[in-house]
Structure formats: structure tokens, C-alpha cells
Amino acid sequence: LFKPWTILTVMLLHGGLFHLLANMITFYFFGTPVEKIAGSKEVLKLYIGGGIAASLAYVGFRNLLYTLYGSEIAAKTIFGIQMGSMSTLGAAVGASGAVVAFGGAVAMLYPDAEVLLYFVIPMKIKTAVYAFGGMEAFNLVAKLLGYQLPVIGMFASSAHLAGLLIGLWYGKKLREKHRQRS
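Here the structure is a predicted model, which is why all the values come from computation and not from measurement.

(A) Local environment of the overall build of the protein. A count of helical and extended segments in the protein gives six helices and six strands. Sequence-ordered secondary structure for the protein, helices as α and strands as β, is α-α-α-β-β-β-β-α-β-β-α-α. Looking at the protein as a whole, 38% of its 182 residues qualify as buried. A separation threshold of at least 6 residues defines the contact pool for the protein, and within that pool the share at least 24 residues apart is 68%.

(B) Broad picture of a nonpolar patch on the surface. A contiguous nonpolar surface patch, about 1,000 Å² in accessible area, is contributed by Leu-17, Leu-20, Leu-21, Met-24, Ile-25, Tyr-28, Phe-29, Phe-119, Val-120 and Ile-121. Ranked by the residues each element gives to the nonpolar patch, the list is headed by helix α2 (residues 17-38), at seven residues. Positionally, Phe-119 belongs in the loop between β5 (114-117) and β6 (121-124). Phe-119 gets classed as exposed once you look at its relative accessible area, which sits at 54%.

(C) Structural detail: the environment of Ala-137. Here Ala-137 shows up in helix α5 (residues 125-144). For the pair Ala-137 and Ser-158, spaced 21 residues apart in the sequence, the C-alpha separation amounts to 8.1 Å.

(D) Molecular detail of the packing of helix α3 (residues 40-69) against helix α4 (residues 96-109). Two elements in contact, α3 and α4, have axes separated by 7 Å at closest approach and are oriented at 120°. For the element pair α3 / α4, the angle class is oblique. The hand of the α3/α4 crossing is right-handed. Along the contact surface, α3 presents Val-43, Leu-46, Tyr-47, Gly-50, Gly-51 and Ala-54, while α4 presents Gly-97, Ala-98, Val-99, Ala-101, Phe-102 and Ala-105. Taken together, the residues of the contact of α3 with α4 break down into nine nonpolar, three polar and no charged.

(E) Region of interest: the environment of Leu-144. With respect to the helices and strands, Leu-144 occurs in helix α5. Here Leu-144 falls in the partly exposed class, since its relative accessible area comes to 33%. Each C-alpha atom of the pair Leu-144 and Tyr-69 lies 9.2 Å from the other, and the pair is 75 residues apart in sequence. Contacts of Leu-144, omitting those with residues within four sequence positions, involve Phe-61, Leu-64, Leu-65, Leu-68 and Tyr-69.

(F) Up close: α4. Between its first and last C-alpha, α4 extends 20 Å over 14 residues, near the 20 Å set by a 1.5 Å rise per residue. Taken across its 14 residues, α4 has 14 buried, putting it largely inside the fold.

(G) Region of interest: the packing of α3 against α5. α5 packs onto α3 with a crossing angle of 25° between their chain directions and a minimal axis gap of 10 Å. As summarised for this structure, α3 and α5 are arranged roughly parallel, according to the angle between their axes. Only Leu-140, Lys-143 and Leu-144 of α5 make contact with α3, whose side of the interface consists of Phe-61, Leu-64, Leu-65, Leu-68 and Tyr-69.

Thresholds applied
Residues numbered from 1 in each chain as written. Predicted model: local features only at pLDDT ≥ 70, side-chain atom pairs only at ≥ 80, totals over all residues. Heavy atoms only, no water. Helix = DSSP H or I, 4+ residues; strand = E, 2+ residues; numbered from the N terminus. Buried < 20%, exposed > 50% of the residue type's maximum accessible area, 1.4 Å probe, protein only. Contact = heavy atoms within 4.5 Å. Patch = residues over 30% accessible without salt bridge, like charges linked within 9 Å, V, L, I, M, F, W, Y side chains within 5 Å. Areas by Shrake-Rupley, 256 points an atom, 1.4 Å probe, with all protein chains shown as cover. Salt bridge = Lys/Arg side-chain N within 4 Å of Asp/Glu carboxyl O. Axes fitted to C-alpha atoms, helices over the stretch in contact; angles between N-to-C directions. Parallel < 35°, antiparallel > 145°, perpendicular 65-115°, else oblique. Left-handed = near helix turned anticlockwise from the far one by under 90°. Nonpolar A, V, L, I, M, F, W, Y, C, P; charged D, E, K, R; others polar. Expected span 1.5 Å × (residues − 1).

Written as C-alpha cells, this is what we have:
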């Protein structure tokens, strides 16, 4: 509330070089086909719209966790594995939510296109989007239950899912518009 511009500026910051490179490589591969169909102005609109939705979703989910658990969730054990403690007030930085929107848009435009999930596992993009969305949803549920999962527990899943939903919606609009022109 006191610094509303951070909803936009958070898309310009990253948590390290790997985070920046991963986002920019993903943006390059998914942004290019969207730009070819829609143009540069629409790419900017999707980037900013996906980023704003991601920021708002993250803030909303973080506040929900704070309401449920206070400022810190103690470490828990599940299946004998010690889960890390989770700060419900942690800040998120990066363009991931905005970039994920492009993955969703491309999945709607080219559902049978082949991609490498995490640069390793070959599959159709629609399958990759379902797998990614399912993983992020699982992470959100774990956080709601008070667990922080190894590796993905640090992801801003609410931001990623919000960006993905914006991208799927926008990709559907583009697909319908493109069909009318062709």
C-alpha cells in the first residue's frame, strides 16, 4: 500500500544471475512466436499484464499465509523428510510470472508444438503447461497446509499460476483473432 510502484518494478529485479538467465531464455523462446503473431505492442501488454497479475496474486497469497500462520511457519516433517521453515512475509523478485504468461499464450496458439520441459524432457507444450501448472498448484496446497517443499517450496507459485492463467486467456483471444483473419 505504501509503495504501489513495486507491483511493476519487481519485474525488473532478479534473485541472481541464474534467475535472470532462466527468465530471459524462457522469454526469448516463448515471446518470439507471440510477437510474430501479435506484434511488439501486444507483447508489452502481455508482459505488463502478466507481471501485474503475478504481483497481485503473490501479495494476496502471501497475506493469506500470514493470516493463517503469522510471520513464520515452523519446520514440519512429512514422510520422514524434514521440510524447511517458511517465512510468509518473504519478498519475491523477478519476471517469472510475466514470462510464464508467454508460455501459456504459446500453448494456446501451438498446443502440439514440441518443447523440452526444463530443457531436458521432450513433450508437447500443452502437456508441459499442465505439468508446470500442476506442480505449482501442488506447491500452493503444500504451503496452505504449512509445508515448504524441497526445491520448489521457494518458488512464487501463486505468481507463476496467475501469469499462466493470464497467458492462457490471452493466447485463446489471439487464437480466435488469428482464425478470423486467416
